[in-house]
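# Architecture at a glance
Residues per chain, in single letters:
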Amino acid sequence: MATYKEFHQYSIEQPDAFWTEQAQLIDWKEPFTQVCDFSRPPFAKWFVGGKTNLCHNAIDRHAAKRPNDNALIFVSTETDEEKIYSFAELQTEVERMAAIYKSLGVKKGDRVLIYMPMIPQAAFAMFAAARIGAIHSVVFGGFASGSLATRIDDAKPALIVSSDAGMRGGKAVPYKHLLDEAIEIAEHKPNHVLMVDRGLDKGFNKVAGRDVDYATLREQHLNARVECEWLESSEPSYILYTSGTTGKPKGVQRDTGGYAVALASSLKHIYCGGEGETFFSTSDIGWVVGHSYIIYGPLIAGMATIMYEGTPLRPDPGIWWQIVEKYKVSVMFSAPTAARVLKKQDPAYMHKYDLSTLKHVFMAGEPLDQPTHEWFQNELGRPVIDNYWQTETGWPMLAALHGVEKTPIKFGSPSFPVYGYNLKIFREDGSECGANEKGIAAVIPPLPPGCLSTVWGQDDRFVSTYFTLFKEPLVYSSYDWAIKDDDGYFTILGRTDDVINVAGHRLGTREIEEAIQNHAAIAEVAVVGVEDKLKGQVPMAFAVVKDATRVATPELVKALEKEVFSTVDGILGAIGRPARVHFVTGLPKTRSGKMLRRSLQALAEGRDPGDLTTIEDPSTLEQIRNALAS
Ligand code: ATP
Ligand code: MG
């Protein structure tokens, strides 16, 4: 048995041998003739000449052997529905959807834009596209018409699949009028809009000739058989736009064969999930975690996957654990923001259920602060594994590989570079950082299988956005600021544009947030750098307290702020001390749980907060404004 280090080294030194082995985890219609074509750096093509299909690997090959095993488990605490699709049933539904696509004229290479809530038909829609070689582009259901229109114009879909409404916190959230508005604004017009009518918005508008009804068409294709289209490994499977936390979203283009291999290998070596087990990811199909670890990854590994429509708190904060018990979940995947929400609840909700099937819990999307990490792992009594990656990479760049070696977890760290990624930390001059030295996390290309092949329709943007950090060496920049300790454990300190320069010292916002989190009264905190005439920049903190009585009077606020200062002084020294700590009851985050630091910083500097279409709770901004004014 190799150590994780040997495994990683093997992948970097002998990539052809390494990836040829991993490629055996999926089915190939025709074998590849070259492992990696890197003749035109930084563009990489994996498994050249090989023919495969994502839908075949996720569904058909399992349906052939284990037709009646659970494949897709739909749980909605919004509509109180639960429905299980076996592999055979899932294949049937996907073939029906694929037949509908064909009847609407969708061909291989056409784009299908999917703007849907977390319902099984959204999964059918994605698989049906993959099945016939169409390219799907899922747009998160929380986006409004402006963001949707930009994506329509970029992806130019032949077909849009949508639904009348989503549900959130027990209320219907109508989608169709937003979609109509988006199509109105967009220059590109789709030929058809396929509507899945959930009966949640009775009076939704139907455009004659363009809009067609899913249920009616499904009836016409009940017995349809649609074979998988075998795609050359590099042919695109999907386009997914990045979250847009730092600016204009980029259309990440994913290949087919490389992605299937990367996911299959990650289920084995990182997520440790096997055939017949159940995977529960609490993400949304609109995000990359949803693509890789709700839709494709678990099913490729022969696992059942849970598709959950609902919040972590309804009907009560035990709901996720109830699902784990009921469906014998072995692997769970969530986000730090959810862990911080659960941390505020009574732990009895977690301990009420039998969680004995659960082997690991994975967290990604934002820095998992050390106190929350420690709390979660201790409370659950099993490894909580932080994993760091991006929409661009499609699967983890940093993680513990418990399928290879059970390395100890260090709280606050996503452990080590994952096999295939020659990931290092660089100084701004392009030289490599030593241990305990902060720098920019970057990957020496070729990027491993599964990572973006290019920016959709913009090869030049792929190169100029990601590969021009230095003149030499050629590297893929993550735009994240990181540090590695003496034992090789990495920590992500924030995005490179979140680095604060205080009187010549460079601090990541994450470091200051982490220090503040150590004060027992603080539930959650965001730190931003604010322009300062004397010092260049000063850190400013916005904190949520666990118990509101701690900030009930101006005197108490002052006293708590002082305590927080001394907590930070004790950990980072006075250099990390924020200029102010503002206490609020909520922080502005995107619907995917990412802190809107750019907006916070803009408000703190008296500027316009910018594009807020993805904000979860707009009232948090009002609070920030009030806090700043006080
Ligand atoms: P955009 O690139 O459009 O601004 P985004 O970067 O927010 O959007 P994503 O690809 O969803 O879009 O997010 C990836 C980023 O999330 C990473 O670059 C990193 O900053 C952060 N991130 C993800 N996982 C972790 C983690 N485990 N620890 C720390 N940060 C993480
Ligand atoms: Mg990004």
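Residues numbered from 1 in each chain as written. Chains lettered and ligands numbered in written order. Predicted model: local features only at pLDDT ≥ 70, side-chain atom pairs only at ≥ 80, totals over all residues. Heavy atoms only, no water.

Once that is clear, we can look at the side chain of Thr 391. Note that Thr 391 resides in the loop between strand 20 (384–386) and strand 21 (398–399). Sequence-distant contacts of Thr 391, defined by excluding residues within four places in its chain, comprise Leu 240, Tyr 241, Thr 242, Ser 243, Val 252, Arg 254 and Val 288. (Helix = DSSP H or I, 4+ residues; strand = E, 2+ residues; numbered from the N terminus. Contact = heavy atoms within 4.5 Å.)

Taken as a whole and assessed by the stated rule, the structure comprises 37 salt bridges. A salt bridge links Asp 180 to Lys 176, with the nearest nitrogen and oxygen atoms 2.9 Å apart. With Asp 180 and Lys 176 both in helix 7 (residues 176–185) and 4 residues apart, the pair spans about one turn of that helix. By relative accessible area, Lys 176 is classed as buried at 1%. Between Arg 340 and Glu 524 there is a salt bridge; the shortest N-O distance is 3.3 Å. Linking Arg 340 in helix 12 (residues 336–343) with Glu 524 in strand 30 (residues 522–532), this pair joins segments that are 184 residues apart in sequence. Judged by its relative accessible area of 7%, Arg 340 falls in the buried class. (Salt bridge = Lys/Arg side-chain N within 4 Å of Asp/Glu carboxyl O. Buried < 20%, exposed > 50% of the residue type's maximum accessible area, 1.4 Å probe, protein only.)

With that settled, the discussion passes to the environment of Val 173. Of note, Val 173 is situated in strand 10 (residues 171–174). For the pair Val 173 and Asp 255, spaced 82 residues apart in sequence, the C-alpha to C-alpha distance is 33 Å.

Another point: the UniProt feature "domain: Acetyl-coenzyme A synthetase N-terminal" (unreviewed entry) in the protein chain. The feature "domain: Acetyl-coenzyme A synthetase N-terminal" (unreviewed entry), as given by UniProt, occupies residues 4–58 in the numbering adopted here. Taken end to end, residues 4–58 comprises 42% helix and 27% strand; its first and last C-alpha atoms sit 27 Å apart. (UniProt positions renumbered as here; feature names shortened; annotations may be inferred.)

A few words now on the state of the cysteines. Tallied over the entire structure, the rule returns 0 disulfides. Cysteine Cys 36 remains unbridged, with the sulfur of Cys 451 as its closest cysteine sulfur at 11 Å. Free cysteine Cys 55: the closest other cysteine sulfur is in Cys 228, separated by 5.0 Å. We classify Cys 55 as buried; its relative accessible area is 0%. (Disulfide = S-S within 2.5 Å.)

Given 3.6 residues to a turn, an α-helix orients residues that are three or four positions apart in the same direction. Burial within helix 10 (residues 288–300) is extensive, with 13 of its 13 residues counted as buried. Gly 302 sits one or two residues past helix 10 and shows a positive phi near 80°.

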